[in-house]
Amino acid sequence: MTAISLGMPSVPTKLAERRKTRQIQVGTVAVGGDAPVSVQSMTTTRTSDIGATLQQIAELTASGCQIVRVACPTQDDADALATIAKKSQIPVIADIHFQPKYVFAAIEAGCAAVRVNPGNIKQFDDQVKEIARAAKDTGTPIRIGVNAGSLDKRLLQKYGKATPEALVESALWEASLFEEHDFHDIKISVKHNDPVVMVNAYRQLAAACDYPLHLGVSPRASATPSASPSRPRRSRRSRSACRSSSR
């Protein structure tokens, strides 16, 4: 059968030069530098339900996920981290909410990395020195995750709203606090409900620093009216699919 040309342009074999960054080690997975782009997702179970969380991690692993993030908003969740980190087939990142003590709990539990959103953790900046020391002693990378919905009020006053510049300034400020204590095992993410704003923020971050960047995409279709932080959905589908790379 003779192929019919549709006049479509050919896809280039190389879209762009890859940005060179620092490389960090998230458990067994290298992120940044020359490492391949890694695929990460997040569980939707209560982390304190160890069996359900490990079951979901196993399903994500079978689907090709290389790193998994679990939420840690309560002490019960923090108490479950050591068992989950030990039994998970892939590196576990603890997603910390509200209390700085959970950052230390995640590091002590042996999590492969810790994700912090300084905007929703009480007095986070005041404890960066202690967090940097604990993370450095154990070789635990820190992901700084800046969300448009929890930006510092001073940045909102300065820029008027959550602009790309505001997101970037917040992320770089938090990274600089860790740098003051000679801690550089960092990756950065920024989130905004407007993808154009988010993409512009990532472009600015790529030009301003050499940290690996984490791009997270949360499909709107995955949300349900009954879903809430206190009663997460029981679906075994992942909440989001994310990629960590040097781009």
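This text gives an overview of the structure that appears in the document. (Residues numbered from 1 in each chain as written. Predicted model: local features only at pLDDT ≥ 70, side-chain atom pairs only at ≥ 80, totals over all residues. Heavy atoms only, no water.)

Re the overall build of the protein
And then number 1: A count of helical and extended segments in the protein gives 7 helices and 10 strands.
And then number 2: In the protein, buried positions account for 46% of the 247 residues.
And then number 3: In the protein, once contacts between residues fewer than 6 apart in sequence are set aside, the share between residues at least 24 apart is 68%.
And then number 4: Element-wise, carbon and sulfur atoms account for 53% of the exposed surface of the protein, whose accessible area totals about 13,100 Å². (Helix = DSSP H or I, 4+ residues; strand = E, 2+ residues; numbered from the N terminus. Buried < 20%, exposed > 50% of the residue type's maximum accessible area, 1.4 Å probe, protein only. Contact = heavy atoms within 4.5 Å. Areas by Shrake-Rupley, 256 points an atom, 1.4 Å probe, with all protein chains shown as cover.)

Focus on the packing of helix 1 (residues 50-62) against helix 2 (residues 75-87)
And then number 1: At a closest axis distance of 10 Å, the pairing of helix 1 and helix 2 adopts a crossing angle of 30°. Compared by their axis directions, helix 1 and helix 2 come out roughly parallel. As for how helix 1 packs across helix 2, the hand of that crossing is right-handed. Together, I50, T53, L54 and I57 of helix 1 and A80, T83, I84 and K87 of helix 2 make up the contact between the two elements. (Axes fitted to C-alpha atoms, helices over the stretch in contact; angles between N-to-C directions. Parallel < 35°, antiparallel > 145°, perpendicular 65-115°, else oblique. Left-handed = near helix turned anticlockwise from the far one by under 90°.)

Considering helix 4 (residues 128-138)
And then number 1: Considered for burial, the residues of helix 4 that qualify are V128, I131, A132 and A135. Down the axis of helix 4, the smallest arc covering the buried residues is 100°, so these residues share one side.
And then number 2: Among the structural elements, helix 3 (101-108), strand 7 (142-147) and helix 6 (164-179) are those in contact with the buried residues of helix 4.
And then number 3: Within two residues after helix 4, G139 carries a phi angle of roughly 65°, on the positive side. (Arc of directions from axis to C-beta.)

Quick look at the packing of helix 3 against helix 4
And then number 1: Contact geometry for helix 3 and helix 4: axes closest at 10 Å, N-to-C directions at 5°. With respect to helix 4, the element helix 3 is oriented roughly parallel. Along the contact surface, helix 3 presents V103, F104 and I107, while helix 4 presents E130, I131, A134, A135 and T138.
And then number 2: Taken together, the residues of the contact of helix 3 with helix 4 sort by class into 6 nonpolar, 1 polar and 1 charged. (Nonpolar A, V, L, I, M, F, W, Y, C, P; charged D, E, K, R; others polar.)

Some points on the environment of E174
And then number 1: Along the chain, E174 turns up in helix 6.
And then number 2: Considered as a pair, E174 and N117 are 57 residues apart in the sequence and their alpha carbons are 9.7 Å apart.
And then number 3: If sequence neighbours within four positions are ignored, E174 has contacts with P118, F124, D125 and I144.

Looking at the nonpolar core
And then number 1: Core analysis: the largest hydrophobic core is formed by 56 residues, its most contacted members being I96, I142, F178 and I188.
And then number 2: By residue number, the principal contributor to this core is helix 6, which donates 7 residues. (Core = buried A, V, L, I, M, F, W, Y, C linked by side-chain atoms within 4.5 Å.)

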